[in-house]
Amino acid sequence: MSRPGAGTGHQERAAPTLTAICGPMFSGKSSELIRRLRSAAEAGVAVRAIKPRLDTRYADGEIVTHAGERLTAVSVATALEIELAAGDAELIGMDEAHFFGAGLTAVCVRLIGQGRSAVVAGLERDHRGEAFEPFPHLLCEADEVIKLTCPCSVCGGPSVHSQRMVASDARIVVGGAEAYEPRCRRCFGT
Ligand SMILES: [Zn+2]
């Protein structure tokens, strides 16, 4: 059945949405981001994956998960470069959002205002367990929030924290299993 507007160039588009995926290290945030971007691409949506240039743990030009999944991504140095890097994409996925800082929320709101959707993955808590920008404001703006968890490295309970296992007071220390462990509320800081 044809609808009004069909065939006249007025394509019906779903309302743009902002999705936030958060949780501690090793909870599968990047895997969930990749899954969503791949599934949208298979449905014919123009997608673009973006990652911070700071995060070069595995590869520049790719999002690589701890489990070894990979997705081509554009690396940018700051949140302000994201709109340019997004090109004409209808769905923009951003990994390691905590590396972009508080400015990422405004970028996401602008993308939504342009009729595009965004999926943002990252740590909502820092290594001290405190709120990590851009998440406090980003979670407020998000249409959908997905909080992932994984077993605590000490007791196996549900982790909400990323405990830093190397000595540093810096808020950002790029690292994997050698530098962080997922911890539940009880085992965090022990
Ligand atoms: Zn525990």
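Here the structure is shown first, and the text comes after it.
This write-up is about the structure you can find in this document. Computed from a prediction, not measured in an experiment: that's the story for all the values here. Here the residue numbers are simple positions, counted from 1 along each chain's written sequence. Only residues with pLDDT of at least 70 are given local features in this predicted model, and only at 80 or more are side-chain atom pairs given and counted; all residues enter the totals for whole chains, interfaces and linings.

1. Looking at the pairing of strand β2 (residues 47-52)
In step 1: Of all 6 residues that make up β2, 6 are buried, and the element is covered over most of its length.
In step 2: Side chains Val47, Ala49 and Lys51 of β2 all project onto a buried face; the interleaved residues Arg48, Ile50 and Pro52 project onto the opposite face, where all are buried too.
In step 3: Here, strands pair whenever DSSP counts at least two bridges between them. The numbering of helices and of strands both runs from the N terminus, where a helix is a DSSP run of H or I of at least 4 residues and a strand a run of E of at least 2. As defined by bridge partners, β2 adjoins strand β6 (residues 91-94) across 4 bridges and the pair is classed as parallel. Note on β6: the bridge partner recorded for Arg48 is Ile92.
In step 4: The pairing of β2 with strand β5 (residues 74-76) spans 3 bridges and is classified as parallel. The exposure label follows from counting other C-beta atoms within 10 Å of a residue's C-beta, where the C-beta atoms are placed from the backbone and the thresholds are 20 or more for buried and 12 or fewer for exposed, leaving partly exposed in between.

2. Some details on helix α3 (residues 104-113)
In step 1: Every buried residue of α3 is listed here: Leu104, Thr105, Val107, Cys108 and Leu111. Looking down the long axis of α3, one finds its buried residues gathered within 160 degrees of arc, a one-sided arrangement.
In step 2: It is the C-beta atoms, placed from the backbone, that decide contacts: two residues are in contact if theirs lie within 7 Å. Close packing links the buried residues of α3 with β1 (18-22), α2 (82-86), β6, β7 (117-122) and α4 (135-141).
In step 3: Trailing α3 by a residue or two, Gly115 shows a phi angle of about 85 degrees, which is positive. Taken from the helix axis, the directions to the C-beta atoms give the arc we talk about.

3. Thoughts on helix α1 (residues 29-42)
In step 1: To estimate how far a helix should extend, the number of its residues minus one is multiplied by 1.5 Å. For α1, spanning 14 residues, the distance from its first C-alpha to its last is 20 Å, which sits close to the expected 20 Å at 1.5 Å a residue.
In step 2: Taken as a whole, α1 has its buried residues at Lys29, Ser30, Leu33, Ile34 and Leu37. Projected down its long axis, α1 carries its buried residues within an arc of 130 degrees, all on one side. Relative to its buried face, α1 has exposed residues pointing more than 90 degrees away, namely Ser39 and Glu42.
In step 3: Buried-residue contacts for α1 involve β1, β2, β3 (62-64), β4 (70-72), β6 and β7.

4. Points about the nonpolar core
In step 1: Residues enter a nonpolar core if they are buried, belong to Ala, Val, Leu, Ile, Met, Phe, Trp, Tyr or Cys, and are joined to the set through C-beta atoms within 7 Å. One finds Ile50, Ile92, Cys108, Ala118 and Val120 to be the most contacted residues of the largest nonpolar core, which totals 37 residues.
In step 2: Look past the residues within four positions of Val120 in its chain and what remains in contact with it is Ala20, Ile21, Met94, Ala97, Cys108 and Leu138.

5. Considering unusual backbone geometry
In step 1: Omega for the bond connecting Glu133 with Pro134 falls within 30 degrees of zero, at 5 degrees, which places this linkage in the cis form.
In step 2: Inspection of the secondary structure puts Pro134 in the loop between β7 and α4.
In step 3: With a phi angle near 70 degrees, Phe26 is a residue other than glycine that sits in the positive phi range.
In step 4: For Phe26, the position within the fold is in the loop between β1 and α1.
In step 5: Overall, the presence of 21 C-beta atoms within 10 Å leaves Phe26 in the buried class.
In step 6: Residues other than glycine seldom take positive phi values, yet Glu96 does so here, at roughly 55 degrees.

6. Describing the environment of Pro151
In step 1: With respect to the helices and strands, Pro151 occurs in the loop between β8 (144-147) and β9 (161-164).
In step 2: For Pro151, a count of 14 C-beta atoms within 10 Å puts it in the partly exposed group.
In step 3: Separated by 33 residues in sequence, Pro151 and Cys184 have C-alpha atoms that sit 7.8 Å apart.
In step 4: Other than its neighbours up to four places away in sequence, Pro151 contacts Gly156 and Ser159.

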